[in-house]
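One letter stands for each residue in the lines below.
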Amino acid sequence: MASSLTKDSASTSGSEKTFFGHPRGLATLFMTEMWERFSYYGMRALLPLYLIAPNGLDMNPGTATAIYSVYLSLVYLLALPGGWFGDRVWGPRKTVAIAGGVIMLGHLTLALPWEGTFFAGLGLVAIGSGLLKSNISTMVGHLYDGPDDPRRDGGFTIFYMGINMGAFAAPLVIGTVGENVNWHLGFALAALGMGLGVAQFLLGTRHLNERSLIVPKPLSAVERASTLRKAMIWMAVAAVFYIGTVVTGVYTLNWLLVPITIAGLLIPVVVLTRIKRDKDLSAAEQSKMSGYIWFFVAAAIFWMIYDQGGSTLAIFAESSAENSVLGWDFPVSWYQSVNPVLIMALAPVFAAFWMALNRRGKEPSTIVKFSSGLVLVGASFFLFLMPLTIAGDGHKAAAMWLVAIYFVQTVAELTLSPVGLSVTTKMAPAKYASQMMGVWFLAVTAGDCTTGLLSIAGVELNGTGVVALQAALAVVAGVAIFMYRGKVKALMGNVR
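Chemist: Can you explain the overall build of the protein? Please cite residues and give values.
Modeler: Of the regular secondary structure elements, the protein holds 17 helices and seven strands. Over its C-alpha trace the protein gives a radius of gyration of 23 Å, about what one expects of a compact globule, namely 23 Å for 496 residues. Relative to its 496 residues, the protein shows a buried fraction of 50%. Considering only contacts in the protein between residues 6 or more positions apart, those separated by 24 or more positions represent 79%. Of the accessible surface of the protein, which amounts to about 22,000 Å², a share of 67% is contributed by carbon and sulfur atoms. Charge-centre separation for the protein: the mean point of 33 positive side chains lies 11 Å from the mean point of 26 negative side chains.

Here it is, written out as structure tokens:
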């Protein structure tokens, strides 16, 4: 990275280094996020394959999909308390440092060859990811002089490139080692990646803004004692309950999975209802929240389908796809590199395309982009019906069918996801401005929990009927938002 550091001619001292013209601290956060995503996506690419492998945990595909979906939902669900810890307890910088250590410990625990420690490792990675996710983005914002700093958007763009660089490299490295050498060595490589991220973060903290050390709204002594007491009570209740199920011999994995999936569906409803019913909100804010619920439900449907790229599609590829190109075989986990490399290639194209349309006054509205993303993700599952049919006839489906599905899903993501983030910030009530990004993550939680609950119920997500039903649901939702765009637009008020 040293070659990308240049002298900042605008600096008053004339000697302050920058990172592609941005504050030097961006390099620290860029590398931290890149290594964290390397560890996360590498482990994620291996997870469903390890769960179903005869030399892994040898589970059935339904259970593997349920575990995978519940794990993803937890990562996004825990982003809410993760942001709370940064705001109220440790401050962003300390929270990220601790989170990195927890993630590394989680991957090391996954590397141990026992089923019990494996699930403990998943829990640690989920907790660490939740702590890190919100706070590292907050620190990127701290590097700039408020929201009007002209470098701010560019800084976040560079930061998100780090995410996709890590996500692209991880399956190629960790996936190859995990599948072809040893599963647990692959998980250990994920721990090494996170360790490198933590090390360079600690070495580079001197370049970060001092605001990242501050706890914005620290808990009072009374609040701290009350919070700790409540946490201990809930932990004791959970411990007694699960010890009881084990002692009585009734415990199965569903005793853990079902409560999490139900919580992942109920918590978003509770959070949105609490905000919507807040008496402090103005009439305009109430209207915007009513409009936002449309986007939230649609986003949950989107992520329900999209996140199956790492579970349903990967498990299909393992058993029913010809994973080779021009006679060259490759590990199944490599499919998980398709999306990030497409994101890096297509994101600038989409940004330029929207800008060109905007200059001509023809850029689609937020509602049109959102509905288009839903229709496209539905189309990706209609496309999935082709390799499913081929496999149903006793043949192996070509790898390019899966690549085509990931391509359509990536286009859908670039159409919907940035718009979803933007509309969340624009429609957020002033009182909940800092919390609404966590609410957006809850849409991912709800979508993944729906997938998990279907898997637990024994629904075969690789079945043509279920795939077609999900595809139709997404298309219908997209068309419904488009048809009712006038009503939604009215609820959005001055947001466009």
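Structure's up, so let's keep going.
Chemist: So what's going on with the environment of P23? Residues and values would help.
Modeler: For P23, the position within the fold is in strand β3 (residues 22-23). According to the relative accessible area criterion, P23 is buried, its value standing at 12%. Sequence spacing of P23 and Y144 is 121 residues, and the spatial spacing of their C-alpha atoms is 7.9 Å. The contact partners of P23, leaving out residues within four places of it in the chain, are L143, Y144 and R151.

Chemist: Quick one: what's the story with helix α3 (residues 79-88), residue by residue and with numbers?
Modeler: Residues of α3 that are buried: A79, G82, G83, G86 and R88. Of the surrounding secondary structure, the elements contacted by the buried residues of α3 are α2 (61-77), α4 (92-110), α5 (115-142), α8 (221-247) and α15 (436-456).

Chemist: Please give an account of the environment of S311 that cites residues and values.
Modeler: Along the chain, the position of S311 falls in the loop between α10 (283-306) and α11 (312-320). Each C-alpha atom, one on S311 and one on I67, is 9.7 Å from the other, the two residues being 244 residues apart in sequence. Aside from chain neighbours lying at most four places away, what touches S311 is T65 and Y68.

Chemist: Can you tell me about unusual backbone geometry, naming the residues and giving the values?
Modeler: A positive phi is found at D58, a non-glycine position, where the angle reads about 55°. Despite not being glycine, L326 has its phi angle at roughly 55°, a positive value. For L326, the position within the fold is in the loop between β5 (324-325) and β6 (328-329).

Chemist: Kindly report on the confidence of the model for the protein, identifying the contributing residues and their values.
Modeler: Summary statistics for the protein give a mean pLDDT of 89 and a share of 95% for residues scoring 70 or more. Here residues 1-15 is a poorly scored stretch, pLDDT under 50, and it has 20 contacts once near neighbours within four places are set aside; other chains count.

Chemist: Any chance you could break down the side chain of Q308 for me, citing the residues and the numbers?
Modeler: Tracing the chain through its elements places Q308 in the loop between α10 and α11. Relative accessible area serves as the criterion here: at 1%, Q308 is assigned to the buried category. Within the local environment of Q308, its side chain forms a polar contact with the side chain of T312, the two groups lying 2.7 Å apart. Q308 has contacts with L313, F381, T451, L461 and Q470, leaving out every residue within four places of it along the chain.

Chemist: Account for the packing of α2 against α5, naming residues and giving values.
Modeler: Running from N to C, α2 and α5 cross one another at 30°; their axes reach a closest spacing of 7 Å. As the angle between them shows, α2 and α5 are arranged roughly parallel. Contacts from I67, Y71, L74, V75 and Y76 in α2 reach F119, L122, V125, A126, S129, G130 and K133 in α5. Taken together, the residues of the contact of α2 with α5 sort by class into nine nonpolar, two polar and one charged.

Reading the values: rules and limits
Residues numbered from 1 in each chain as written. Predicted model: local features only at pLDDT ≥ 70, side-chain atom pairs only at ≥ 80, totals over all residues. Heavy atoms only, no water. Helix = DSSP H or I, 4+ residues; strand = E, 2+ residues; numbered from the N terminus. Rg over C-alpha atoms; globule rule 2.2 N^0.38 Å. Buried < 20%, exposed > 50% of the residue type's maximum accessible area, 1.4 Å probe, protein only. Contact = heavy atoms within 4.5 Å. Areas by Shrake-Rupley, 256 points an atom, 1.4 Å probe, with all protein chains shown as cover. Lys, Arg positive; Asp, Glu negative; His and termini not counted. Charge placed at Lys NZ, Arg CZ, Asp CG, Glu CD. pLDDT = per-residue confidence, 0-100. Polar contact = N/O pair within 3.5 Å; in protein donor to acceptor, adjacent residues only side chain to side chain. Axes fitted to C-alpha atoms, helices over the stretch in contact; angles between N-to-C directions. Parallel < 35°, antiparallel > 145°, perpendicular 65-115°, else oblique. Nonpolar A, V, L, I, M, F, W, Y, C, P; charged D, E, K, R; others polar.

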